[in-house]
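The chain contents come next:
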Amino acid sequence: MAGGTVHVVGAGLAGLSAAVGLVGTGGEVIVHELARHAGGRCRSYFEPALGLTIDNGNHLLLSANRAALAFLKAVGSEGKLVGPEHAEFAFADLSSGERWMLRPNDGPVPWWIFSKSRRVPGTRGADYLSMAKLLRVNEDRPIGEIIDCEGVLYERLSRPVLLAALNAEPREASSRLAGAVLRETLVKGGRATRPLVAQDGLGRVFIDPALAFLERSGAKLRFSHQLRRLEFRDERVSVLDFGEDVAKLAPDDTVILAVPAAVAALLAPGLPTPNAFRAIVNAHFKIDPPKSQPKIMGIINGTVEWLFAFPGRLSTTISAADRWIEAPREDLAKKIWADVAAITGISGEMPPWIIVKERRATFAALPDENAKRPQAETQWRNLLLAGDWTATGLPATIEGAIRSGNRAAHLARANGDARG
Ligand SMILES: Cc1cc2nc3c(=O)[nH]c(=O)nc-3n(C[C@H](O)[C@H](O)[C@H](O)COP(=O)(O)OP(=O)(O)OC[C@H]3O[C@@H](n4cnc5c(N)ncnc54)[C@H](O)[C@@H]3O)c2cc1C
């Protein structure tokens, strides 16, 4: 980046990773964020109802998430995601009472599918081969048109895993995105599939270290600074209008728009963006998890889909949760607590709780919506895009958001170098 200023708009993980990739490469980096805090959809905050700092949502990463791990290393937060040494996922079926541990072997040859003690109970090794069809998708069609969305393997593995990864009902979701997820994870073997969680909270692991790194590196961080309008002239952005102040752009300045899809669509007229979204509902209960409770557990045939055990707290996740958005919170909390109590064996009254409904948690990972995702480059020469909803080839995830920020930073540097 030879000299110009890069304005990064949005301090979610996409914006933060773009800024991290740009500091120290020449020009000034300024991050503008609407909220008083960074992190966007991946943040921690103090929740008075519980007297605890919680995350807006339980976030699961996998050891295959190389960009996320590299980001943590760059900001000095390496090793703060915790998980088992080998891939293992505890599951419980609330209908049958069965429990099992899914244990893919480390290497890429998936012999675990032929091991009764490692695979899903009630399945045969050959059942798993059908999933390979998702790796050979040409035209992006709904998963339901590629594989059979029924049977024991589907209900106990394919559906929960794809639902969590895509945040859309797998039957209707993008087979191309499903294939990308499988290719980066299970296909590479257990070593790429170890579950990783920010036990100390997303803020402490991702966001605070990134902000500290950016400050140390000389980036300017401006909170409560909402970009309201872009002015365009001669195929370029010429002005950033923040309402109370404006930034007039010099010829070698660049803008990285790292805001949610709906905001980007308003700011940059004519920009194609996904415009259907899916919700995620999390419930947090203030209670010490039983010592034997695994850190993460997949739940089959329950209202909840995943149960996370944190120090002093049990938290649940429901993906593609639009059907619960209008549900009264107390009713929902009781329903979810019934699942948690059945799984953990905790009796007595429901502990203090909070329900967090993220209505637009991610874009809907459907073939049509996936097709609307734009590249980082735009028709305006100094305007780049970043965000989990851009064309990363991955579903809306931390990994996708960080890769999008890396890509935008790379292009901003390349543009600057070309001019310099
Ligand atoms: C409940 C929940 C659970 C999730 N679970 C997982 C998971 O288990 N694993 C996983 O990998 N991913 C998960 N995700 C997805 C992950 O959180 C997102 O993909 C990622 O955080 C998106 O980052 P982003 O920077 O693209 O967008 P955002 O985080 O939305 O960042 C955009 C930023 O732009 C700011 N902004 C908006 N408008 C303006 C403006 N006009 N001017 C300035 N700033 C503006 C916003 O305030 C925000 O800070 C989950 C998401 C949610 C909501």
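Look up a bit, the structure's there.
Engineer: Which parts of the structure should I look at to understand the overall build of the protein?
Structural biologist: Along the protein, the regular secondary structure elements total 10 helices and 19 strands. Taking 2.2 N^0.38 as the reference for a compact globule, 420 residues should give roughly 22 Å; the C-alpha atoms of the protein span a radius of gyration of 22 Å, in line with that estimate. Its C-alpha atoms give the protein principal-axis dimensions of roughly 65 × 50 × 40 Å. Evaluated residue by residue, the protein yields a buried proportion of 57% over its 420 residues. Taking the contacts inside the protein whose residues are at least 6 apart along the sequence as the reference set, 68% of them involve residues at least 24 apart.

Engineer: What am I meant to see in the site of the ligand here?
Structural biologist: In the region of the ligand, 34 residues are neighbours, and E33, R41, H59, L60 and D388 sit closest. L34 has a polar backbone atom sitting 3.1 Å from a nitrogen atom of the ligand. Within the contact set of the ligand, a nitrogen atom lies 2.9 Å away from a backbone nitrogen or oxygen of L227. Contact with the protein chains removes 93% of the 1,000 Å² of surface that the ligand exposes when unbound. At the level of elements, α1 (13-22), β14 (277-285), β18 (353-363) and α10 (398-419) are the ones that each hand at least two residues to the shell around the ligand. Split into classes, the residues belonging to the shell around the ligand amount to 16 nonpolar, 14 polar and four charged.

Engineer: Even after reading the chapter, I still don't get the sheet that holds strand β9 (residues 220-222), so can you show me in this structure?
Structural biologist: The strands that make up a sheet are held in pairs by hydrogen bonds between backbone atoms, and each pair lies either parallel or antiparallel. Taking strand neighbours across the sheet as the criterion, the five strands line up as β9-β2-β1-β13-β19 in an open arrangement whose pairing is parallel. The open sheet has two edge strands, β9 and β19 (383-385), and neither has a second partner. Neighbour-to-neighbour, the strand axes of this sheet turn through a mean angle of 20 degrees, independent of strand direction. The pairing of strand β2 (residues 29-32) with β9 spans three bridges and is parallel. Each residue of the ladder has a partner; that of V31, found in β9, is L221.

Engineer: Just to check I follow, could you spell out the nonpolar core for this structure?
Structural biologist: Buried together is how nonpolar side chains tend to be arranged in soluble globular proteins. If you look at the biggest cluster of nonpolar residues, it comprises 58 residues, and the most contacted ones within it are I143, L240 and L257. Element by element, the count of residues in this core is highest for helix α4 (residues 152-166), at five residues. Setting aside anything within four residues of it in sequence, one finds I143 in contact with L134, C149, L162, L166, P170, R171, A173, S174, S175 and A178. The next biggest cluster of nonpolar side chains, apart from the first, holds 46 residues, and it includes A14, L22, L81 and V205.

Engineer: Would you take a moment to explain helix α2 (residues 66-74) for this structure?
Structural biologist: Helical geometry: 3.6 residues make up each α-helical turn, so side chains three or four residues apart lie on a common side. Among the residues making up α2, those that are buried are A67, A68, F71 and L72. For α2, the buried positions fall inside an angular range of 140 degrees around the axis, keeping them on one side. What points out from α2, more than 90 degrees from its buried face, is the exposed set R66 and K73. Where α2 ends, the next residue or the one after it, G76, has phi of about 85 degrees, a positive value.

Engineer: Any chance you could explain the pattern of salt bridges here in plain terms?
Structural biologist: Charged atoms that come close allow side chains of opposite charge to pair. Under the criterion given, the structure shown has 19 salt bridges. The salt bridge involving E235 is made with R381; its shortest N-O contact spans 3.6 Å. Placement of the pair is E235 in the loop between β10 (229-233) and β11 (236-241) and R381 in the loop between α9 (367-371) and β19, with a sequence separation of 146 residues. Assessed through its relative accessible area of 52%, R381 is described here as exposed. Within the structure, one salt-bridge network assembled from shared partners comprises D93, E98 and R156.

Engineer: Is there a simple way to think about the packing of aromatic side chains in this case?
Structural biologist: Any aromatic ring pair is given by two values, namely how distant the centres are and how the planes are angled relative to each other. This model, assessed by the stated rule, comprises seven aromatic pairs. Note on F308 and F310: the rings are 6.2 Å apart at their centroids and 5 degrees apart in plane angle, and the pair reads as stacked. Across the pair, F310 and F308 agree in class, each one buried. An aromatic cluster of three or more residues is present, and its members are F91, W100 and W306. R313 extends its terminal NZ or CZ atom over the ring of F310, reaching a point 4.3 Å from the ring centre.

Engineer: Just checking my understanding: could you explain the sheet that holds strand β17 (residues 313-318) for this structure?
Structural biologist: Pairing in this open sheet of seven strands is mixed, and the strands run β7-β6-β15-β16-β17-β14-β18 from one edge to the other. The open sheet has two edge strands with one neighbour each: β7 (99-102) and β18. Strand-to-strand twist in this sheet, taken as the mean axis angle between neighbours without regard to direction, amounts to 25 degrees. Note that β14 and β17 share five bridges and pair antiparallel.

Engineer: Mind showing me how you'd approach helix α8 (residues 329-344) here?
Structural biologist: Compared with an ideal rise of 1.5 Å per residue, which puts 16 residues at 22 Å, α8 spans 22 Å between its outermost C-alpha atoms and is within 8% of the ideal. Within the sequence span of α8, burial applies to L332, A333, I336, W337, D339, V340, A341, I343 and T344. At its buried positions, α8 is contacted by β7, β14, β15 (296-300), β16 (306-310), β17 and β18. Directly beyond the C-terminal end of α8, a positive phi value near 80 degrees is found at G345.

Engineer: Teacher, can you tell me more about unusual backbone geometry here?
Structural biologist: Peptide bonds are trans in most cases, and residues, glycine excluded, mostly fall at negative phi. Notably, N167 is not glycine yet its phi reads approximately 50 degrees, a positive angle. Relative accessible area serves as the criterion here: at 3%, N167 is assigned to the buried category. Even without being glycine, D234 reaches a positive phi, approximately 50 degrees. Within the secondary structure, D234 is located in the loop between β10 and β11.

Engineer: Would you explain the environment of V75 in this entry?
Structural biologist: Relative to the helices and strands, V75 is located in the loop between α2 and β6 (89-93). For V75, the residues in contact, after removing those within four places along its chain, are V20, P209, A210, F213 and R216.

Engineer: Is there a simple way to explain the pairing of strand β1 (residues 6-9) in this structure?
Structural biologist: Each regular strand carries side chains that alternate between the two faces of the sheet. By the alternation rule, side chains of β1 split into V6 and V8 and H7 and V9, which are all buried. Looking at chain direction, β1 and strand β13 (residues 254-257) are connected through four bridges and run parallel. Bridged to V6 within β13 is T254. Traced from β1 through α1 to β2, the parallel crossover comes out right-handed.

Procedures and definitions
- Residues numbered from 1 in each chain as written.
- Predicted model: local features only at pLDDT ≥ 70, side-chain atom pairs only at ≥ 80, totals over all residues.
- Heavy atoms only, no water.
- Helix = DSSP H or I, 4+ residues; strand = E, 2+ residues; numbered from the N terminus.
- Rg over C-alpha atoms; globule rule 2.2 N^0.38 Å.
- Buried < 20%, exposed > 50% of the residue type's maximum accessible area, 1.4 Å probe, protein only.
- Contact = heavy atoms within 4.5 Å.
- Near = heavy atom within 4 Å.
- Polar contact = N/O pair within 3.5 Å; in protein donor to acceptor, adjacent residues only side chain to side chain.
- Areas by Shrake-Rupley, 256 points an atom, 1.4 Å probe, with all protein chains shown as cover.
- Nonpolar A, V, L, I, M, F, W, Y, C, P; charged D, E, K, R; others polar.
- Pairing = 2+ DSSP bridges.
- Axes fitted to C-alpha atoms, helices over the stretch in contact; angles between N-to-C directions.
- Core = buried A, V, L, I, M, F, W, Y, C linked by side-chain atoms within 4.5 Å.
- Arc of directions from axis to C-beta.
- Salt bridge = Lys/Arg side-chain N within 4 Å of Asp/Glu carboxyl O.
- Phe/Tyr/Trp six-rings, centres within 6.5 Å; stacked < 30°, edge-to-face > 60°.
- Lys NZ or Arg CZ within 6 Å of the ring centre and 35° of its normal.
- Expected span 1.5 Å × (residues − 1).
- Right-handed = clockwise from strand over helix to strand, strands pointing away.

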